[in-house]
Amino acid sequence: MKYFSALLLFALTISLFSCEDVIEVEVQNTTPRLVIDAQFNIFTALEAPRLEGGVKLSMSANYFDEELPVVKDALVTITHLNSGLEYPLLFDESIGMFVPNKIDFLTDFNSKYELKVVYKGQVYRGNTNFVPVPPILKAVQGTKTLFSGDETEIILSFQDFSERDDFYLYDFGQDIYRPIEDRFFQGEEFVFSHFYSSDEVKVGDLITIKAHGVEEQYYNYFNLILTLTDSNGGPFQSLPASSRGNILNVTQPDNYPLGYFLISESDQKQLLIEELK
């Protein structure tokens, strides 16, 4: 008993004297994997269709690493499977992505597309379609608020496609996203509100709201990413270890990549925030 008491006293003494010491937590290193963020958002309503996105390649990092190592020395192509034509993508240093020199071949709703990435002797492949999106019919400022009373309401609407099950991703800027499925309004006009907090927008701000068509697998994938990242930092700022998408390593399947290959038809509306009475 005396021996136990002495040990306890010694432990308490050590704790008291070391309470201000910095605690170093050893985090187990994970095996780096190739991250393939291959998202093409094509705004077709413009006189000249515009592309946002491309193929961003990086290596996965440990949890506390602030940046993902960028990969520039890969071979990247996209094949239009109906025609069999293969289009190379070149690395653009200004945006840190691989992009095609033209985008007209990406806007065929009737064809599948295959992404191919060759890096360090391993071949990665993924398939997708060009997914349509209905145009944003309305984007106006509303007068309702939520909890704090100083939120800004934006009212939006679009006409859903009637002949298919559809999935959409709305991007409100500042890494704020809303995945939408048409289960309860298929073929109908859908009206909904989004609320910005006072920290996110103020009077005089010009906001841009974007809509993207996505496939069901990506809708489920994105919802998982939002859950795992708690909606902070955007879906590809810090990819969780389980964020496997629709891209496979055909050379060494166990060395699977992270990320997703998606080609979306996109639309956008801009709105100036006003002081409403």
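I will try to describe carefully the structure that is included in this document. In this text the structure is predicted, and so the values were computed from the model without any measurement.

Some details on the overall build of the protein chain
If you tally the helices and strands in the protein chain, you get two helices and 15 strands. Residues classed as buried in the protein chain amount to 43% of the 277 residues present. Within the protein chain, contacts between residues at least 6 apart in sequence are counted, and of these 63% link residues at least 24 apart. For the protein chain, the accessible area works out to roughly 16,400 Å², and carbon and sulfur atoms hold 52% of it.

A few points about the nonpolar core
Generally speaking, a soluble globular protein has its nonpolar side chains buried in company with each other. Membership of the largest hydrophobic core comes to 27 residues, with the highest contact counts inside it found for Ile 36, Val 55, Leu 57 and Leu 115. Listed by contribution, the elements that provide at least two residues to this core are strand 1 (34–43), strand 2 (50–59), strand 3 (75–80), strand 4 (85–92), strand 6 (112–119), strand 7 (122–131) and strand 15 (258–272). A per-element tally of this core places strand 1 first, with five residues. Ignoring any residue separated from it by four or fewer positions in sequence, one finds Leu 115 in contact with Ile 36, Ala 38, Val 55, Val 76, Thr 77, Ile 78, Tyr 124, Arg 125, Gly 126, Ile 247 and Phe 261. Counting residues in each nonpolar core, the second largest holds 21 residues, with Leu 156, Ile 180, Phe 190 and Ile 273 among its members.

Considerations on the packing of aromatic side chains
For the structure shown, the criterion picks out 20 aromatic pairs. Between Tyr 177 and Phe 222, the ring centres sit 5.3 Å apart and the planes meet at 70 degrees, which makes this aromatic pair edge-to-face. You can see Tyr 177 sitting in strand 11 (residues 177–181) and its partner Phe 222 sitting in helix 2 (residues 216–229), a full 45 residues away along the chain. Of the aromatic side chains, those joined through ring pairs into one cluster are Phe 158, Tyr 168, Tyr 170, Phe 172, Phe 185, Phe 190, Phe 192 and Tyr 196. Cation over ring: Arg 50 sits above Phe 43, and NZ or CZ is 4.3 Å from the ring centre. Stacked on the ring of Tyr 256, the Lys or Arg Arg 244 has its end atom at 3.7 Å from the ring centre.

Thoughts on the sheet that holds strand 8 (residues 136–141)
In space, the three strands of this open sheet follow the order 8-9-12, with antiparallel pairing throughout. In this open sheet, the two strands that pair with only one neighbour each are strand 8 and strand 12 (189–196). Neighbour-to-neighbour, the strand axes of the sheet open up by a mean angle of 20 degrees, direction not taken into account. With five bridges connecting them, strand 8 and strand 9 (residues 152–159) associate as antiparallel partners. Counterpart to Lys 138 in the pairing with strand 9 is Ser 157.

Let's talk about unusual backbone geometry
Phi angles above zero are rare outside glycine, and Lys 120 is one such case at about 50 degrees. For Lys 120, the location among the structural elements is in the loop between strand 6 and strand 7. Despite not being glycine, Asp 175 has its phi angle at roughly 60 degrees, a positive value. Mapped onto the secondary structure, Asp 175 falls in the loop between strand 10 (167–171) and strand 11.

Quick notes on the rules
Residues numbered from 1 in each chain as written. Predicted model: local features only at pLDDT ≥ 70, side-chain atom pairs only at ≥ 80, totals over all residues. Heavy atoms only, no water. Helix = DSSP H or I, 4+ residues; strand = E, 2+ residues; numbered from the N terminus. Buried < 20%, exposed > 50% of the residue type's maximum accessible area, 1.4 Å probe, protein only. Contact = heavy atoms within 4.5 Å. Areas by Shrake-Rupley, 256 points an atom, 1.4 Å probe, with all protein chains shown as cover. Core = buried A, V, L, I, M, F, W, Y, C linked by side-chain atoms within 4.5 Å. Phe/Tyr/Trp six-rings, centres within 6.5 Å; stacked < 30°, edge-to-face > 60°. Lys NZ or Arg CZ within 6 Å of the ring centre and 35° of its normal. Pairing = 2+ DSSP bridges. Axes fitted to C-alpha atoms, helices over the stretch in contact; angles between N-to-C directions.

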